Amino acid sequence: MATEFQNKVYRLLKRIPRGKVTTYKHIAHALKCKAYRAVGMACNKNPFAPKVPCHRVVNSDGTLGGFARGVKAKKALLTREGIEIKNNAIVKFKQVVYRF
DNA sequence: GCTTTGACTCTCG
DNA sequence: TCGAGAGCCAAAG
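What comes next is a walk through the structure.

1. Quick look at the nonpolar core
Then, number 1: Core analysis: the largest hydrophobic core is formed by 15 residues, its most contacted members being Val9, Leu13, Ile27, Leu31, Val39, Cys43 and Val57.
Then, number 2: Elements supplying a minimum of two residues to this core: helix H1 (4-15), helix H2 (24-30) and helix H3 (36-44).
Then, number 3: Those residues in contact with Val39 that sit more than four places away from it in its chain are Phe5, Val9, Tyr24, Ile27 and Ala28.
Then, number 4: Judged by nonpolar contacts, the second largest core, of ten residues, contains Leu78, Ile85, Ile90 and Phe93.

And the structure:
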């Protein structure tokens, strides 16, 4: 782990149950900050690759946003968890979103 | 140690 | 409804 901030992010991500997703905004809010972008960075540099489900983090509007290994991989992973994706966007976003 | 950049979000036109 | 601009925080250069 690099910093405490990132550690907090990873910890929150680990909380996310399978088949659910969250947004950068919610994570930042859980950390009581507006470091939406910093949260994304933490995931990008995620040293706990498979341990931390960074692919379960999407934009506030339900779109996938970005992914280090390509949006396609993210899409595939989410679909694998039972989340429907349509054009890089979560179909039933409000239903699969996980609130801390 | 300051400047740039980024897997973001909000507001305005 | 959609695109552009500004704002925010942290990490890297």
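2. Looking at H3
Then, number 1: Taken as a whole, H3 has its buried residues at Val39, Ala42 and Cys43. Projected down its long axis, H3 carries its buried residues within an arc of 95°, all on one side. Away from the buried face of H3 by more than 90 degrees, exposed residues Arg37, Met41 and Asn44 are located.
Then, number 2: Considering only its buried residues, H3 is in contact with H1, H2 and strand E2 (57-58).

3. Concerning the pattern of salt bridges
Then, number 1: Considering all chains together, one arrives at two salt bridges under this definition.
Then, number 2: In this structure, Arg56 engages Glu81 in a salt bridge whose closest nitrogen and oxygen atoms are separated by 2.7 Å. Of the two residues, Arg56 sits in the loop between H3 and E2 while Glu81 sits in the loop between helix H4 (71-80) and strand E3 (85-86), which places them 25 residues apart along the sequence. In this pair, the class of Arg56 matches that of Glu81, namely buried.

4. A closer look at the protein's contact with DNA strand B
Then, number 1: Taken together, 16 residues sit near DNA strand B, with Tyr24, Lys25, Arg37, Asn44 and Ser60 positioned nearest.
Then, number 2: For DNA strand B, the fraction of atoms within 4 Å of the protein that belong to sugar or phosphate moieties is 46%.
Then, number 3: For DNA strand B, a base nitrogen lies 2.7 Å from a polar atom in the side chain of Arg37.
Then, number 4: One of the side-chain N or O atoms of Asn59 is found 3.3 Å from a phosphate oxygen in DNA strand B.
Then, number 5: Put simply, the parts of the chain that give the surface near DNA strand B at least two residues each are H2 and H3.
Then, number 6: A total of seven residues in the surface near DNA strand B trace back to one element, the largest contributor, which is H3.
Then, number 7: Looking at side-chain class alone, the surface near DNA strand B contains eight nonpolar, five polar and three charged residues.

The rules we used
Residues numbered from 1 in each chain as written. Chains lettered and ligands numbered in written order. Predicted model: local features only at pLDDT ≥ 70, side-chain atom pairs only at ≥ 80, totals over all residues. Heavy atoms only, no water. Core = buried A, V, L, I, M, F, W, Y, C linked by side-chain atoms within 4.5 Å. Buried < 20%, exposed > 50% of the residue type's maximum accessible area, 1.4 Å probe, protein only. Helix = DSSP H or I, 4+ residues; strand = E, 2+ residues; numbered from the N terminus. Contact = heavy atoms within 4.5 Å. Arc of directions from axis to C-beta. Salt bridge = Lys/Arg side-chain N within 4 Å of Asp/Glu carboxyl O. Near = heavy atom within 4 Å. Polar contact = N/O pair within 3.5 Å; in protein donor to acceptor, adjacent residues only side chain to side chain. Nonpolar A, V, L, I, M, F, W, Y, C, P; charged D, E, K, R; others polar.

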